[in-house]
Amino acid sequence: MAAGHQPSPDTPAAPDLEAWLRTLQQALQVEADRGFIDLKGRHSRFSAFVIQQLRERPADLPDEPLQRILELKAGFDTYSQLSLARRQSLVRQCRERLHALRQAQRPVLAVAPPRLRLVSSAPGTTPSAGAADFTADTPLSEVRGVGPKTAARLAQLGLWVVRDLVHYYPRDYLDYANLVRISGLEPGRTATIVATVRRSHAFASPRNPNLSILELHLVDCTGRIRVSRFFAGQRFSSPGWLKSQQRLFPVGATVAVSGLVKETPYGPAFQDPLMEVLDSPQAPVRSETIGRLLPVYGLTEGLGADRLRQVVEAVLPVLRRWPDPLPKGLRRSQGLITRSEALTQIHAPASQEQLQASRRRLVFDEFLLLQLGLAQRRRQLSQRPAPPLALPAGGEGLVQRFLAILPFALTGAQERVLAEIRADLARHQPMARLVQGDVGSGKTVVALASLLTAIEAGCQGALMAPTEVLAEQHYRKLAEWLPQLHVTSALLTGSTPAPRRRQLLQDLANGQLQLLVGTHALLEDPVQFDRLGLVVVDEQHRFGVRQRNRLLAKGLQPHLLTMTATPIPRTLALSLHGDLDVSQIDELPPGRQPIRTHLIKGSQRQQAYGLIREQVALGQRAYVVLPLVEDSEKLELRSAVEVHRQLSEEEFPELSVGLLHGRLNSADKQAAIGAFARGECQVLVSTTVVEVGVDVPEASVMVIEHAERFGLAQLHQLRGRVGRGAAASHCLLINDSSNVLARQRLEVLVRSSDGFEIAEMDLRLRGPGQVLGTRQSGLPDLALASLTEDGAVLEEARDLARQITATDPDLQQHPGLAQALAEQRRRQMDQAARLN
C-alpha cells in the first residue's frame, strides 16, 4: 500500500489491514522457520523489510495497539547486531502484538459451533460376546479379555468382581465433546474443532534426527491454526513414512482434532492432539475418543487408562439386566433416570446433560440408602422400651434446687432446650437427641439438669467425654454443685487407680453411685450399672456409632443425649445424626465479651508477646497453642516443648509459664491446668489438648502458632477458651505459610464469630473427613456424593426416605430398596472385617 494513500469513504479499511497483517506475519514466520538469521530476500533483508512495512502501515490503526507495535521498531533497526535469544524474543513479541491487533479489529460474529456426528457406541446397547454370562458377582478374571495380570492389577485397586468395577466411578472427564470454532479455543480447556487442511507437511526435525514432525495448517470460517504431532524414533524419519503421513491428511480434507488447548507465543495450539480425517464434512467420526466425554479413572502401576476403559466397556452390557431398586412411580416423581442408564452413562456419557442426569441418580441412591438406614436405626431404637423419667408432680425437685444454687439464670435458649429434653425423657421411647451449641453457650448446665432429672426418677446417669482433661474438667465442675444436692458422683478414666476403680464399680453395680463421669473407660466390660437411665455423650463427633451403641447396651434402654460445641453443617448433621433429634442453644449467656481476632505473620510474634505482658499486668492469663509436642525437622514447626523453654527462659523470665500436652500423665495434666486456673501460672503453652472444655474465666489472650495447620472449626474451638470472663479478649493467629488459600481460610475466622458459618466454610474447604476426623466419626461411605455440593439432593432423598418409612417401615413393599440396603450393610461389614 502506497504511503499516504487514503481509503475512500466507501472502502472499508479491514481488507487493507488484513493484507498488511498477513504480509508481516508471513515474513516473521519465514524468519522463525529459518533460524532468525536476518534472511536476505530478493530486494532487502528481513529486518529492513519489517521497518519498511511499519512505515507503510494502514492509516486508520487504533492508537494503543499501533504504539505497542512501533515500540519494537528500534529493535529491528539493530536486528543484525542482536544475540540469537534477543532476535527470537523480538520476533515473538511482534507476532503476539500483530495477533492482538487482528483480534481487536476483527468484528465479533456469532458463529455456531461445528457439528460432529459420532458413531453410536454406547456400551450396553450391543452386548459383547460372553456378556450374557456375567452377573454382578462374576470375578473379573472370568471377563473376556481380562487375563491374570490385568485381574491382579485390578485387584490392587480393590476391584474383584463385576459389581466393583461398575461402581468404580471416573474421577474426572476429558471434555472432547466441547465443540468449538478455531477462534473460540481457550487455553487450559479441552476442546474439539472440525477444520479444513490448507497445508500438510511431514519432516524430520533439523535439530534432532530422531524426531519427526507432522504439521497441519487448518482453517475454518473463524480463523486458522497450526497443529503439530511429534513422533520420536529413528523409524519415523524415513522419507517414505513421512510421505505416507502427508497422504493421510491431504490438502482440502476435513479433519476433527481433539486435545488440551495450550497458550503459545503464536496463539492457542493443541497439546498431543488426537486427529481423524472425515470421509466428508457430514461423515461420522469413527474414533472412540474424538468429540466425546472421555472418563478418567484412578490407575495403578501397569494398568493404563485405555486398558481400564476397555475392561469397563466389556462389562457394561450386563447392566441392562440389573433390577432397579427404585419403583417406576418413585423414579418419575423424583425426575430420575433408571439405575442401569445411570451406571452406563457415568462411564460413557454422550453429553454433559447425560452425565449430570446419571450422576444425580447415583448420588440420590447413595443418600436415599443412607437416610433409610438412619430411619430404620431410629425406629428400632424407638421400639425398645425405656424407663419414662417423669418428675413427681408438686414439691421442689432436684432440678429446681440445682437451678436455684446457680449464680446465674438460664438463657431463653437453655430453658427451651431443657424443656425439649425433659419432654423426651417423660416418654416410654428412648430419647435420641443432639444438642448443638457454640463455645460457651452453657451446654454443661443443660446436661447436668437432664442427668438430675434421671437421678430424681430413681435411675443412674453417665456423662462421657472424649479426653481425660475434659472428663476431669466436667467432674470438677459437678463436684461444686452435687454435694449440695446430696447426689453421689465419681470419675472413671484410664488413669483411675485399681483399688479406687474396684470400689467405684461395686458402688455403681449396687446403685449407691448415682452419676458416673468418664472417658472411653466407661465402655469397658467390667463397668456395669444398676439402673442406667440417661447417657450424656459430650463432643459427639469424636465417638463413632459403635462406641455409642456399646454404652447403650449397658442399661435397660437408657435415654441418649449427645452434645457438641463443634457446629456441624446441616448436610453433615443429616448424614451423621439423621437418627437424632437436634436442639440448638443459639444464645450466649449475657456479659460474654466478643473476642477480637487478628491474623499476624511469624515476624510479628513480638506483638503477641507484648499483648501477653500487657494482659498479665492487668491480672489476666494467656494461652500459647501449638500443633506439635516436640520439634519436627521434616515440617519445620515450632513445638510446645521448645516454645515453653524459649518463653520461660527468654521472653517471660519474670512470669510462670506452664506446659500442657497429651503425653503428660493425668496427674501432671491436672497440675498444669490447676496452676493456670488458680493463677499460679500466668502463661500456658499447650497443644490442642486445651481445645475442648478447659474453662478459666481469667484467660483473655489466645496465641495460636502455625494457625494454617488447624481446621477452622478447631481454631474456633480454641478461640472459645478465652472470652469467658468480663474482660475484653484477644485471639492472635500466627500464619507462617505463604499459601494464599491458607490466608483466605484464616481470614474467615477474623471476620466471623458464627460457629455455623465457620463450620460450613471448613466443610467446603477441607471436606467432611477432615472436619470430623474420618475413621472414628462414623462418616458415611459416599462414593460419588459430596456433602458440600449435593445438599439439595440430600434433602430430596431425606424427604423420600421419610415418606417411604412412614408407610412401609420394614420396606416390605419396596423389596429392591430392602435388598440394596442389606447388600450395603454386608459390604460395610466385609470392609470392616478386612480393616480389622
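In this text, all values refer to a predicted model and were calculated from it rather than measured experimentally.

Remarks on the overall build of the chain
A count of helices and strands for the chain gives 29 helices and 20 strands. A buried classification covers 50% of the 836 residues belonging to the chain. Summarising the internal contacts of the chain: among those between residues at least 6 apart in sequence, 74% fall at separations of at least 24. As displayed, the chain has an accessible area near 39,600 Å², and 50% of this comes from carbon and sulfur atoms.

Section: the sheet that holds strand 17 (residues 657–660)
Strand order in the open sheet formed by six strands is 15-20-19-16-18-17, with parallel pairing between adjacent strands. Strands with a single pairing partner mark the edges of an open sheet, and in this sheet they are strand 15 (595–601) and strand 17. When the angles between neighbouring strand axes are averaged without regard to direction, this sheet yields 20 degrees. Across four bridges, the pairing between strand 19 (residues 699–704) and strand 20 (residues 729–735) is parallel. Each residue of the ladder has a partner; that of Val701, found in strand 20, is His730.

Remarks on the nonpolar core
Considering soluble globular proteins, one finds that nonpolar side chains tend to be buried as a cluster. If you look at the biggest cluster of nonpolar residues, it comprises 57 residues, and the most contacted ones within it are Phe367 and Leu368. Broken down by secondary-structure element, the contributors of at least two residues to this core are helix 6 (148–156), helix 7 (162–166), helix 9 (305–315), helix 11 (339–347), helix 12 (352–383), helix 19 (570–576), helix 28 (791–807) and helix 29 (815–835). Ranked by residues supplied to this core, first place goes to helix 12 with ten residues. For Leu368, the contacting residues outside a window of four places in its chain are Leu326, Ala797, Leu800, Ala801 and Leu817. Listed in part, the 40 residues of the second largest apolar core include Val417, Leu418, Leu448 and Ala465.

Details of unusual backbone geometry
A positive phi angle is found at Asp38, which is not glycine, with a value near 55 degrees. Mapping Asp38 onto the fold places it in the loop between helix 1 (14–33) and helix 2 (46–55). The class of Asp38 is buried, set by a relative accessible area of 4%. Residues other than glycine seldom take positive phi values, yet Leu811 does so here, at roughly 60 degrees. For Leu811, the location among the structural elements is in the loop between helix 28 and helix 29. Assessed through its relative accessible area of 3%, Leu811 is described here as buried.

Quick notes on helix 21 (residues 640–651)
Here helix 21 has its buried residues at Ala640, Val643, His644, Gln646, Leu647 and Glu651. Considered in projection along helix 21, the buried side chains sweep an arc of 165 degrees and stay on one side of the axis. Turning to helix 21, the residues buried within the fold contact helix 20 (605–617), strand 16 (621–625), strand 17 and strand 18 (683–686).

Overview of the confidence of the model for the chain
Summary statistics for the chain give a mean pLDDT of 83 and a share of 88% for residues scoring 70 or more. Per-residue pLDDT stays below 50 along residues 124–129; that stretch engages in nine contacts with residues further than four places along the chain or on separate chains. Counting interchain partners and residues more than four positions distant, the pLDDT-below-50 stretch residues 773–778 has 13 contacts.

Some details on the packing of helix 20 against helix 21
Interaxial distance between helix 20 and helix 21 falls to 13 Å at its minimum, and their mutual angle equals 65 degrees. Relative to helix 21, the element helix 20 is oriented roughly perpendicular. For the crossing formed where helix 20 meets helix 21, the hand is right-handed. On the side of helix 20, the interface is formed by Gln606, Tyr609 and Arg613, while helix 21 contributes Gln646, Leu647 and Glu651. Partitioned by chemical class, the residues of the contact of helix 20 with helix 21 number two nonpolar, two polar and two charged.

Overview of the sheet that holds strand 2 (residues 190–204)
The five strands are arranged 4-3-2-5-6 in an open sheet whose pairing can be described as antiparallel. Both outer strands of the open sheet, strand 4 (223–232) and strand 6 (267–278), are each paired with one neighbouring strand and no more. Strand-to-strand twist of the sheet, defined as the mean angle between neighbouring strand axes without regard to direction, takes the value 45 degrees. Relative to strand 3 (residues 211–220), strand 2 is paired through eight bridges, and the arrangement is antiparallel. Residue pairing for strand 3: Ala202 is matched across the bridge by Leu214.

Overview of the pattern of salt bridges
Between side chains of opposite charge, a pair can form when the charged atoms approach closely. For the coordinates displayed, the defined rule picks out 30 salt bridges. Arg427 serves as the salt-bridge partner of Asp424, at 2.6 Å between the closest nitrogen and oxygen. You can call Arg427 partly exposed: its relative accessible area is 43%. The network of salt bridges with shared partners includes Asp324, Arg331, Arg339, Arg361 and Asp365.

Here we look at the pairing of strand 5 (residues 254–264)
Sheet faces and side chains relate simply in a regular strand, where the side chains alternate between the two faces. Two strands pair when backbone bridges link them, and strand 2 and strand 5 are joined in this way by seven bridges, in the antiparallel orientation. Across the sheet, the residue bridging to Thr196 is Thr254, located in strand 5. Here strand 5 runs beside strand 6; their pairing, made up of ten bridges, is antiparallel. By the bridge assignment, Thr264 is partnered in strand 6 with Gly267.

So, the packing of helix 14 (residues 412–425) against helix 15 (residues 443–456)
When two helices pack together, you describe them by how their axes are tilted relative to each other and by the distance separating the axes. At a minimum axis distance of 10 Å, the contact between helix 14 and helix 15 shows a crossing angle of 30 degrees. Taken together, the axis directions place helix 14 and helix 15 in an arrangement best described as roughly parallel. Remark: the crossing between helix 14 and helix 15 carries right-handed chirality. Contacts from Gln414, Val417, Leu418, Ile421, Arg422 and Leu425 of helix 14 reach helix 15 at Val445, Val446, Ala449, Ser450 and Thr453. For the contact of helix 14 with helix 15, the per-class residue count stands at seven nonpolar, three polar and one charged.

Concerning the packing of aromatic side chains
Each aromatic ring pair is summarised here by two numbers: the centre-to-centre distance and the angle between the ring planes. In total, this model carries ten aromatic pairs according to the counting rule given. An angle of 20 degrees between the planes, with centres 5.9 Å apart, marks the rings of Phe76 and Tyr79 as stacked. Ring centres 5.7 Å apart and planes at 80 degrees place the aromatic pair Tyr609 and Phe652 in the edge-to-face group. Separated by 43 residues along the polypeptide, Tyr609 in helix 20 and Phe652 in the loop between helix 21 and strand 17 bring together distant segments of the chain. Here Tyr609 and Phe652 have matching classes, each one buried.

Looking at helix 9
Among all positions of helix 9, only Leu308, Arg309, Val311, Val312, Ala314 and Val315 are buried. Buried residues along helix 9 sit in contact with helix 6, helix 7, strand 7 (293–296) and helix 11.

Notes on the environment of Asp60
Its location among the elements puts Asp60 in the loop between helix 2 and helix 3 (63–70). Judged by its relative accessible area of 42%, Asp60 is partly exposed. Taking the C-alpha atoms as reference points, Asp60 and Leu17, 43 residues apart in sequence, are found 8.7 Å from one another.

Overview of the environment of Ile405
If you trace the backbone, Ile405 turns up in helix 13 (residues 398–405). Between the alpha carbons of Ile405 and Gln484 there is a distance of 8.7 Å; along the sequence they are 79 residues apart. If sequence neighbours within four positions are ignored, Ile405 has contacts with Trp481, Gln484 and Leu485.

Parameters at a glance
Residues numbered from 1 in each chain as written. Predicted model: local features only at pLDDT ≥ 70, side-chain atom pairs only at ≥ 80, totals over all residues. Heavy atoms only, no water. Helix = DSSP H or I, 4+ residues; strand = E, 2+ residues; numbered from the N terminus. Buried < 20%, exposed > 50% of the residue type's maximum accessible area, 1.4 Å probe, protein only. Contact = heavy atoms within 4.5 Å. Areas by Shrake-Rupley, 256 points an atom, 1.4 Å probe, with all protein chains shown as cover. Pairing = 2+ DSSP bridges. Axes fitted to C-alpha atoms, helices over the stretch in contact; angles between N-to-C directions. Core = buried A, V, L, I, M, F, W, Y, C linked by side-chain atoms within 4.5 Å. Arc of directions from axis to C-beta. pLDDT = per-residue confidence, 0-100. Parallel < 35°, antiparallel > 145°, perpendicular 65-115°, else oblique. Left-handed = near helix turned anticlockwise from the far one by under 90°. Nonpolar A, V, L, I, M, F, W, Y, C, P; charged D, E, K, R; others polar. Salt bridge = Lys/Arg side-chain N within 4 Å of Asp/Glu carboxyl O. Phe/Tyr/Trp six-rings, centres within 6.5 Å; stacked < 30°, edge-to-face > 60°.

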